[in-house]
Every structure is written in C-alpha cells, then in structure tokens.
Amino acid sequence: HLLLFLLFVGPFNCFASYSRATELFYSLNEGLPAGVLIGSLARDLRLSTAGGQRPAAPQPPLSFTLASRGLGGQYVQLDNRSGELHTSAVEIDREALCMESSGATVFGGAAAVSSSPSSESCLLLLDVLVLPQEYFRLVKVKIAIRDVNDNAPHFPVPHIRLSVPENAPVNTRLAIEHPALDPDVGTNGVQTYRLQDNYGVFTLDVEENESGERTPYLIVMGSLDRETREEYVTVIIAEDGGTPPLVGSATLTIGISDINDNCPQFSDSQFNVTLYGNSSLGTHVATVHAVDMDLGSNAQITYSYSQKVPQPSRDLFHLDESTGTITLSSKVDGDTPRLHRLIILGNGPGCIPAVITVLVTIIKVMMRPPEVVPRFIANEAEGVVYLKELEPINTPIAFFTIKDPDEKYKVNCYLDGDGPFRLSPYKPYNNEYLLETTKPLDYETQQLYEISVVAWNSEGFHVNRIIKVQVLDDNDNSPVFSQQLIELSIEENNVPNAFLTKLHATDADSGERGQVSYFLGPDAPSYFSLHKATGVLTVSTQLDREEKEKYRYTVKAVDSGFPPRESIATVTITVLDKNDNSPRFINKDFSFFVPENFPGFGEIGVISVTDADAGQNGWVALSVLNGSDIFVIDTGKGVLRAKVSLDREQQSSYVLWIEAVDGGDPALSSTAKITILLLDINDNPPLVLFPQSNMSYLLVLPSTLPGSPITEVYAVDKDTGMNAVIAYSIIGRRGPRPESFRIDPKTGNITLEESLMQNDYGLYRLLVKVSDHGYPEPLHSTVMVNLFVNDTVSNESYIESLLRKEPDISIEEKQPQISIEPAHKKMESASCMPTLVALSIISLGSIALVTGMGIYICLRKEKKHHRADENMEVQMPLNGRLNLHMLEKKPMEISNI
C-alpha cells in the first residue's frame, strides 16, 4: 500500500484535473455462498469503452486493487482485471457484522446498483484503486447488506412467571417483563405473540414504543377466583414476520394472588353436648371449627364468646380462642344451672363473625366417680409422656393418687393396655400408685403406647385415665449393609468414572440418626470413588487386568447420630480379561546354531512366547509363515524342528518368520524372526579339480631351470573353516630321479628342485595327497601327477601305454606332521619334527576338552591369523600299493570355495 502511495503522489499533483473520486452502491442478501456476483466496477464506471470510438493507440490494461483489506475486504473477492466483485468464502452474517444496525434497505435482485444507500443500511465500505495512471481514480464502494429471516425469536428465559390478583378487573393489562428477542430486523423481527391455551380468561396484546421495540401485554378477559384455581400454566409463542415465519416459545405461569374475599363459616349453626355433673376439671366439652377459604393471614380465625353469653357460663366453660376447644374450668355443684347456651363467634380479618350455638346440658349424678390424679415424673406434655429408648428397667413414669370424692367407698385401680409397664401400690402410702417400666423400650419395635389407669369403687363406678407413652429414638443401631461381602466384576479398559455398583445400608434409627453416609476404607486405592450420599461406587481410571486382577478393600456406612455408629463391608472387584495384549516373544530375533546333518525332527530350539491375557485370550498358537515344507513347530511347547536332515553345503542358513496368534476374538498376533545357522561338519573330502585325470601328463623340457613352476594341483573343499583348509603333499614318487620335484603344501604348486641331466629323461609319476584339517578326523583325496621329461613328445601312444600300466610306487610311511614354514624363510621338514609332534599333542588335548561346536567357531575366528604365516604340510601314512583307478576323481559343482 505504501508503494502504491509513493508511485502516485507525483501524478496526483501533476494531473489533479484528470483524477476523480467515484462512489458505487450495491446491495445483497446476507448468507450468500462464495462466487455470487455483486457488481462489475468496469461496467458500472463505463471504463470498457472510450466514447464508443476505438482508441488511436493501444491502451494499457485496466487494473483494480483494494486499497486496504480491512473488515470488509474478507467478505469479497475483486478480480484485478475485469473489476468484477464477488462474494468470498467467508459468509456474511448481517447480525454479527452490524450488531447496532436497526434497519436495512431492500433493493431488487441479489445484487443491484442503488443511487444512494439507506441511512439504516448495514454497509460494507471498500476503497478500490483503478489503474493505470490514465484511468486512475479512487472508487468508494458501499455494499448494503440486506437482512434475511435466518434467526428465530427466542426468549431470554425459558420460564416466565406473572402474578395477577384474583380481584383484577376485566381488561387489566400486565406487561411481560421478558419479551422475545430476534437479531433480524424489520418484518423479519418479532411481530406477534400468542398463547397456546388462554383458558378463556386471558389474551395477549403487543405495544410498540418509539424505538420499535415490541412488548407483549397479558390482558385479563374474565373474572378470576384463587379459591377456584390458583395457577394457570400455558406457553407463550413469539412469531416473526418472515416467509415462512419462525417462532420461539417459553413457559408462562400465571399465578393468582389471594385477597381477603372470603369470611369464616361454620358447617352447622348449632349442636348439643351432654356433660355429667361429676366430671373433673379440664374435661373436654366440645370443639368448634370454622373454615376460611383464603390463604395466610387472610385465613386466620379466632374464637370468642358472644356478649349474649352470661358470665357464669363463661366462668364454667373455658374457650380456647385459637383452637375453639371448650373445657370444664370450674367444679359443677348443686347450684350450677343444668342448661348453658354458649354462642361462639368465628372472627376473621375484616369480616362479619360467623356464629354457632353450643347447648351444654349438665346431667346431675348422685354418686361422684373416683378421682385419678396423676403426677408425672417423666417429661409430659398434653397427656403424652416421652421416654427415651433403652431407659433402664423400673424407670418411674408417674404417681397416681386414687381417691373417692365422697370418701364413702373403697377405690381400687389397675392398668389396662399392652406394653412393658407396671402399676403397683407405693408403700407405705394408701391410694398411691407408681407407674414404671418393666423392661427397656425399643423405638424400632414400637414407638407409641396407649395405656389406661382404671379406677373403680365398690359400687362398680369406673373412671379411665388414658396415658400415651411416646418412645424417643436413640442412636442405638449401626447401619447394616445388605451384603457384608460385595463381589463385583468389571472388564478391563473400562471408561473413566465407570459405574461399579450402588451400596445400600439401612439404619433402623429415625431422623438424622438413621441417615447413612458412605466412605471408602483406608485400604481402598485412590482411583475408586464412593458418593457419600448415594453410595454409588465408581472407578475414575481404566483398570488393567495384566497390572492387577483383583482388588479387595473395605467400605464404611456411618450414621449421623452422636456419637456416630458405623459398620464395615468388604468389596472385592475382579477385573475381567479382554484380549488387549498381543502374544509377546521373549526376543524379537532368535538365532540357533545347528550342526549340519542334524537328524530329522530333532529339536533345533525352543521359541518362548507369552501372552499377558488370561484364559482363551492368553492361549497362543505358533506357526511357521515361511519354510513350512522343511520346518515345523510344536504349538504347545514351542519346539522348532526340521522335517529333514539339513546339509550346510546345500544351504548354510535359514531365515524363518514365526507367527504367534492368541485365542481372543478378534485374535491378536505377533511375529518373530528366526535365524538358523548350520555349523559345518567335516563330511566332504577335498575335491581335486586339476589335474582332471590320473591319465593326463605334462611335458617338462630338460632345459627347465631349477625353482621353475611346473604345474599345480588345485582342489576345493565344500566344508568351511578348518574343515576346508587344504594341505598338499607328495606321498609316492616314481621316475629316473623322482626327488627332483617338490610340491608347495599350501598352494599345491609343483616346482623343479634340481637341474635335469641327460639321464633324467623319462616319465615321472607323483602321487599327491590332498588333505583337509577337519575334526574329528581329516579327510583326503589323492591324484596322480604325470610329468614327461623330454625335448618333445614324439610317440604319444607309447606314453599313454606307460600311463595305463599299474605304477609300482612305494608309499612313504610317515607319522602325521605339520611343518610350519614362514614365508620369508625355508625350513627343512626334518628339522621341524619335534615341534610338529608337540603341537599335535597339544591339539589333541584341546580337542578333548572343548565341544565340537565351540571349536568350529573359534577356528573360524583364528584362521586368518594362522594362514598368513604358516606353511602346513600333512603327510598321512598309506598302505603299500594303491589302485590308481580308484583314485581318479571327476570335477563336481563347487558350492563353497
């Protein structure tokens, strides 16, 4: 942008008269996809032609560039050449772009040119530079974003509550404080409200203020009565003006508030009561009860005597102003009137009192009944005695005094009712009785007892005094688990916070003393959780059976008594196996060294494999993936065997892949590489490749100089190591002067030792022994080397006839010996004899102590050091004559040189 500014600062000053600022106005709907054409700047600026005439000279192409890519630039794509303006991949959301915009101008079409934008439009402002300099101008592009109905109305709260007094007149208007919101504008915003069910007494109206906000009002259309119905629940629905319209809803609860529109009422206007004249003080006479349909303070009722009730009646009968209970408050005597008319008023706030008349008739009794006067020792209230459970035996409850008011008759008493109670005379007093317990009370067995102290005189007159004994609960019971041993199981690899079980313990105590809380014992792992209130046991992490299969810990159930009591249960969790572990070889690569010619189905080695899973998932089957025609493996023991005897000369090593498959579903597997290396055994004698026949011969000229190489014996051994180290020696000679030739024990080269004389002409036959250094016994081959010393070969048939004759060669009988001859110095074999004997003895002793397999490995490692400095010749004794035809060898395919 800075570069563009610098390039055009000068031209702005020089060509100001040619530059113009232009405004273009477009409009388009929000939410359009990428690539929608907004407008063509070149067309709308009329830059494609120059007055309809072809320009005299070629003009440079137009270029359109956004001066800056601000907020608006991300929503459009401008073609630099054509000037076409398209929507970009960033979708335009009018509500997010112009949160404070209150309206929009609607133009025809998806994108159109307007002469001027609306003042309420949501605008995108772009600055476009038109280049080159001949056409330069700054174009201000204003794009009005039209609203589409892409938002449904929604209420800010899901539940709206409104209170209406029950005496609200018809057409009462109540504003709903949480109107619906709609980010869209204009007709796409909220237009109307309605009720799903108006119950015939409500409707909605909408008022719009100066700023265009619409507020719904609830209008009362009928009379309300809280005593008939105190609440109405319906759904308020907001609807916008789009096509199609979108709606939103919330629950509307209309509560009817109470007013004091009801007064107390008695169900009867009068009732009659009969009272015996010998009734004791406090005797219940009657209870009046009025009803007020209102609520709260509007329904409070008090009771009082009318002014028409005479004072003697007021003194004789006590009226409880709260409960309406009438009791005898004075003793009835002979002067007491026999009929009392009690007019009682039921008073409510702001109401005319309700009236009821109670007619009390007193029946005169000539003999007064016995009196039972209690004096309570235990806590007592309104005739109910309260005792704690587990109180000791013989806990005193009350003293009872039994007497005859007239003092004429003998009075006895007894206890009537079931329960662990006893009423007995209290010595030494007369007519005094003690009520006490006979055994501990148990709240969990029975909470309330009702007993009667019955007194009767000699005339048979009975009086009952009812006593209620309420047993108070104590924290004497511990929580009890439904199971003392809770056995659970869960599959391994469980999801975190997995549900295990819900513990349940009960406590026979009441109230807080019977509320049970659950806790993990100190031996529980930290990743187990136990909800204190619900007893839900969960595990927060994944369990791995291979890491730990069984868990055992304690849980506690504790009540809320003081002091608290608890009980303990044991939880055992068995983690069930899943096939989540592949078989595992103890090594990824196994190597076995096997001597060749190992017998078929002999044990090559054991492949050890494990699987951490259990049961069927941990059962492993082994198989050979390749080479199954030669090798076989024991599935159960993992023993690898070869079906046939193995020959190192045919193949020196084998690479097998063993697959281990477990018994899971689906099954898991793994593979291991097995390398079988065949150790060489000296089972191949040296093979003479040259000379190819015992019948071949070579012409040696008499002029050959001493030390000249004549020929060579070349042999190979298919074995390896020391088994393939070859030594050459001449064990038999025949000729005019046979000692004239010698052989190199290491290379097999035959050289002339002395000059040949005239009398040395003729056929020389050398029997060469080719021997390896194998263990436990070297193997050898022999070959006949024929040399014909002469100037020419004039009669080949004669020479061939000589070759066919059986040679009379004496075998040199010598003890086996090894001559060591450094390369830089020649030593006579006779001078090395003591050294060779000593080395032979040492070698034989070493062979007896070391296993054959170890010697093979050691000799292979050391052969390079010995071959460089030692010249070895082995001479083996042979018996007298040889069948040379049996010694003839034919060349074979060389497999190891």
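Residues numbered from 1 in each chain as written. Predicted model: local features only at pLDDT ≥ 70, side-chain atom pairs only at ≥ 80, totals over all residues. Heavy atoms only, no water.

Participant: Explain the overall build of the chain to me, please; I cannot follow it from the model alone.
Facilitator: A tally of helices and strands in the chain yields eight helices and 60 strands. Out of the 897 residues in the chain, the part that is buried amounts to 40%. The long-range share in the chain, meaning contacts at least 24 apart out of those at least 6 apart in sequence, stands at 69%. Accessible surface, the chain as shown: approximately 49,100 Å² in total, 52% of it carbon and sulfur. (Helix = DSSP H or I, 4+ residues; strand = E, 2+ residues; numbered from the N terminus. Buried < 20%, exposed > 50% of the residue type's maximum accessible area, 1.4 Å probe, protein only. Contact = heavy atoms within 4.5 Å. Areas by Shrake-Rupley, 256 points an atom, 1.4 Å probe, with all protein chains shown as cover.)

Participant: Is there a simple way to explain the sheet that holds strand β32 (residues 448–457) in this structure?
Facilitator: Note on sheets: strands pair through backbone hydrogen bonds, and any given pair is parallel or antiparallel. Read across the open sheet, the five strands follow the order β26-β27-β33-β32-β29; overall the sheet is mixed. With one partner strand each, in any of the chains shown, β26 (379–381) and β29 (411–416) form the two edges of the open sheet. The mean inter-strand angle of the sheet, taken between neighbouring strand axes irrespective of direction, is 25°. Pairing of strand β27 (residues 384–388) with strand β33 (residues 462–472) involves five bridges; the strand directions are parallel. By the bridge assignment, Val384 is partnered in β33 with Lys468. (Pairing = 2+ DSSP bridges. Axes fitted to C-alpha atoms, helices over the stretch in contact; angles between N-to-C directions.)

Participant: What's the story with the environment of Arg545 in this structure? I'm lost.
Facilitator: Inspection of the secondary structure assignment puts Arg545 in the loop between β40 (536–539) and β41 (550–559). Separated by 31 residues in the primary sequence, Arg545 and Leu576 have C-alpha atoms spaced 6.7 Å apart. Beyond its immediate stretch of four places on either side in the chain, Arg545 contacts Glu492, Val575, Leu576, Asp577, Ala612, Asp613 and Ala614. Engagement of the side chain of Arg545 in a polar contact is seen with the side chain of Glu546, the distance being 3.2 Å. (Polar contact = N/O pair within 3.5 Å; in protein donor to acceptor, adjacent residues only side chain to side chain.)

Participant: I would appreciate a short explanation of a nonpolar patch on the surface in the present structure.
Facilitator: Residues Leu625, Val655 and Trp657 make up a contiguous nonpolar surface patch of roughly 270 Å² in combined accessible area. Trp657 sits in the partly exposed class, given a relative accessible area of 38%. (Patch = residues over 30% accessible without salt bridge, like charges linked within 9 Å, V, L, I, M, F, W, Y side chains within 5 Å. Salt bridge = Lys/Arg side-chain N within 4 Å of Asp/Glu carboxyl O.)

Participant: Help me understand the state of the cysteines, please; the structure alone is not making it clear to me.
Facilitator: One pass over the full model with this rule turns up one disulfide. A sulfur-sulfur distance of 2.3 Å marks the disulfide that ties Cys263 to Cys351. With the S-S dihedral at roughly -85°, the linkage between Cys263 and Cys351 falls on the left-handed side. Here Cys351 lies in the loop between β23 (339–347) and β24 (354–363) and Cys263 lies in the loop between β15 (247–257) and β16 (265–266), a separation of 88 residues in the sequence. (Disulfide = S-S within 2.5 Å.)

Participant: In this structure, what is going on with the pairing of strand β28 (residues 396–403)? I would like to understand it.
Facilitator: Of the strand pairs in this sheet, strand β25 (residues 371–376) and β28 are connected by six bridges, and their pairing is antiparallel. Of the residues in β28, the one forming a bridge with Glu371 is Lys403. In this structure, β28 lies alongside strand β31 (residues 432–437), joined through five bridges in antiparallel fashion. Of the residues in β31, the one forming a bridge with Thr401 is Glu432.

Participant: When you look at the pattern of salt bridges in this model, what are you seeing that I'm missing?
Facilitator: Side chains carrying opposite charge are able to pair once their charged atoms draw close together. One pass over the full model with this rule turns up 21 salt bridges. We note a salt bridge from Glu207 to Arg173, for which the minimum N-O separation is 2.6 Å. Highlighted residues: Glu207 in strand β12 (residues 202–208) and Arg173 in strand β10 (residues 173–175), separated in sequence by 34 residues. For Arg173, a relative accessible area of 35% translates into the label partly exposed. Between Glu371 and Lys403 there is a salt bridge, and its shortest N-O distance comes to 4.0 Å. Of the two residues, Glu371 is situated in strand β25 and Lys403 in strand β28; the sequence distance between them amounts to 32 residues. Here the salt bridges share partners, and the residues they tie into one network are Arg226, Glu227, Glu230 and Asp258.

Participant: Which parts of the structure should I look at to understand the packing of aromatic side chains?
Facilitator: Describing an aromatic ring pair means giving the distance of the ring centres and the angle of the ring planes. A full pass over the atoms with the stated rule returns 17 aromatic pairs. For the ring pair Phe631 and Tyr654, a centre distance of 5.2 Å and an interplane angle of 75° mean the geometry is edge-to-face. Of this pair, Phe631 sits in strand β48 (residues 631–633) while Tyr654 sits in strand β50 (residues 653–662), and the two are 23 residues apart along the sequence. Of the two residues, Phe631 and Tyr654, both sit in the buried class. Connected via pairs of aromatic rings, a cluster forms that spans Tyr527, Phe528, Tyr551 and Tyr553. Residue placement shows Arg173 over the ring face of Tyr217; its charged tip is 5.2 Å from the ring centre. (Phe/Tyr/Trp six-rings, centres within 6.5 Å; stacked < 30°, edge-to-face > 60°. Lys NZ or Arg CZ within 6 Å of the ring centre and 35° of its normal.)

Participant: Please explain unusual backbone geometry as it appears in this structure.
Facilitator: Glycine aside, negative phi is the norm for most residues, and most peptide bonds take the trans geometry. Omega for the bond connecting Asp665 with Pro666 falls within 30 degrees of zero, at 0°, which places this linkage in the cis form. Locating Pro666 in the fold gives a position in the loop between β50 and β51 (669–679). Cis rather than trans, the peptide bond between Phe690 and Pro691 has omega equal to 0°. With a phi close to 65°, Phe601 is a non-glycine residue in the positive phi region.

Participant: Could you clarify how one ought to interpret the environment of Arg229 in this entry?
Facilitator: Within the fold, Arg229 resides in the loop between β13 (214–220) and β14 (231–240). Here Arg229 falls in the partly exposed class, since its relative accessible area comes to 36%. When near neighbours in sequence (up to four residues on either side) are disregarded, Arg229 contacts Tyr199 and Ile256.

Participant: How should the nonpolar core be read in this particular structure?
Facilitator: For soluble globular proteins, the rule of thumb is that nonpolar side chains tend to be buried together. Within the largest apolar cluster, 28 residues are counted, with the highest numbers of intra-cluster contacts made by Leu41, Phe64, Val141 and Ile143. Going through the elements one at a time, β1 (20–29), α2 (41–44), β3 (63–66), β4 (76–78), β7 (122–131) and β8 (137–146) are the ones with two or more residues in this core. Excluding residues within four positions of it along the chain, Val141 makes contact with Leu24, Tyr26, Leu41, Leu85, Leu124, Leu125, Leu126 and Val128. (Core = buried A, V, L, I, M, F, W, Y, C linked by side-chain atoms within 4.5 Å.)

Participant: I keep staring at the side chain of Thr570 and nothing clicks. Help me out?
Facilitator: For Thr570, the position within the fold is in strand β42 (residues 566–576). Ignoring anything within four residues of it in the chain, the contact list for Thr570 reads Gln484, Leu485, Ile486, Arg552, Tyr553 and Thr554.

Participant: What is the right way to read the sheet that holds strand β47 (residues 620–624) from this model?
Facilitator: Read from one edge of the open sheet, four strands run β44-β51-β50-β47, paired in mixed fashion. Here the strands that pair on one side only, and so sit at the sheet edges, are β44 (589–595) and β47. Across the sheet, the mean angle from the axis of one strand to that of its neighbour is 25°, orientation sign disregarded. As paired elements, β44 and β51 share seven bridges and run parallel to each other. Bridge pairing in β51 links Val594 to Leu678.

Participant: I would appreciate a short explanation of the layout of surface pockets in the present structure.
Facilitator: To find leftover empty space, a probe the size of one water molecule is rolled over the atoms. Looking at the second largest pocket, its volume works out to about 950 Å³. Put simply, the parts of the chain that give the lining of the second largest pocket at least two residues each are β25 and β33. Examining the composition of the lining of the second largest pocket, we find that four residues originate from one element, β33, more than from any other. (1 Å grid on protein atoms, 1.4 Å probe; cavity = no way out; pocket = protein on both sides within 12 Å on 5 of 7 lines; lining within 4 Å. Points joined across faces, edges and corners; volume = space filled by probe spheres on them.)

Participant: Can you walk me through the pairing of β12 in this structure?
Facilitator: Remember that side chains alternate between the two faces of the sheet whenever the strand is regular. Relative to β13, β12 runs antiparallel, the two being bridged by seven bridges. From the neighbouring strand, Thr203 faces β13, where its bridge partner is Ile219. Taking the residues between adjacent antiparallel strands as the criterion, β12 and β13 are bridged by five residues, where Gly212 takes a positive phi near 90°.

Participant: Teacher, can you tell me more about the side chain of Ser88 here?
Facilitator: Checked against the element boundaries, Ser88 lands in the loop between β5 (84–87) and α3 (94–97). Classification of Ser88 by relative accessible area gives buried; the value is 4%. At 3.3 Å, the side chain of Ser88 and the backbone nitrogen of Val90 are in polar contact. Beyond its immediate chain neighbours, meaning those up to four positions away, Ser88 contacts Pro33, Ala34, Gln74, Tyr75, Val76 and Gln77.

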